[in-house]
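Listed below, chain by chain, are the residues.
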Amino acid sequence: MKDKIHWTWKRIVTTICTILGIGTLTSCYGMIEDDYEFDIYGTVTGKINGTETAIKGIAVAISKTGSDNDKITLTDSDGWFEFRELTEGTYTLTFNDIDGEKNGKFKQYTRDVTLNDDYNPKITLESAE
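What you see is a predicted model, and the numbers here were worked out from it, not measured in a lab. Position labels on residues start from 1 in each chain and follow its written sequence. Whole-chain, interface and lining totals are the exception, using all residues; otherwise, since this is a predicted model, local features are given only for residues with pLDDT of at least 70 and side-chain atom pairs are given and counted only at 80 or more. In computing side-chain values, all of the structure's heavy atoms are included and hydrogens and water are not.

It is worth spelling out unusual backbone geometry at this point. Even without being a glycine, Asn49 presents a positive backbone phi close to 55°. Secondary structure is summarised from DSSP: a helix means a run of H or I of at least four residues, a strand means a run of E of at least two, and numbering begins at the N terminus for each. For Asn49, the position within the fold is in the loop between β1 (38–48) and β2 (51–54). Of note in this structure, Glu85 is not a glycine but carries a positive phi near 55°. In this structure, Glu85 sits in strand β5 (residues 80–86). Per-residue accessibility, obtained with a 1.4 Å probe over protein chains only, is compared with the maximum for each type, and a residue is labelled buried under 20%, exposed over 50%, and partly exposed between these values. Given a relative accessible area of 56%, Glu85 falls into the exposed group.

Here we come to the packing of aromatic side chains. Aromatic ring pairs: the centre-centre distance and the angle between the two ring planes describe each pair. Any two of the Phe, Tyr and Trp rings considered here, Trp counted by its six-membered ring, make a pair once their centres fall within 6.5 Å; the pair's planes then place it as stacked at under 30 degrees, edge-to-face at over 60, or tilted in between. Under the defined criterion, the tally for this structure stands at 4 aromatic pairs. Pairing Tyr41 with Trp80 gives two aromatic rings, centres 5.7 Å apart and planes at 35°, and the pair type is tilted. Remark: Trp80 occurs in strand β5 and Tyr41 occurs in strand β1; sequence separation between them is 39 residues. For Tyr41, a relative accessible area of 21% translates into the label partly exposed.

The quantities given are spatial measurements derived from coordinates; they are silent on function.
This is how it looks when you write it as structure tokens:
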């Protein structure tokens, strides 16, 4: 009987230690810290010969307010751009036509964005002609 009680307490203590140990490991190592990573992605269009068209080769720059860490990408043939894994905050997006008249000529456009979720804008640039 004494061995049975001893074995039961040993099992209870082992179970409690296992639960506490797993909880400690999970809280320290198992959970990924949420840095509020968001994405900004979208398309850039403009009117060429009266028809709204996706614009290739637009330089899209993003800068976070209070940071010197700017990122730049170019739109692809579908006018697509993206910035991934951004933290929450206020950003400035700047769209510049850098290829001259190759894909149409467009005015610069700037937009401020407060990011607290993914952001998917459709940007339509004004013609510079």
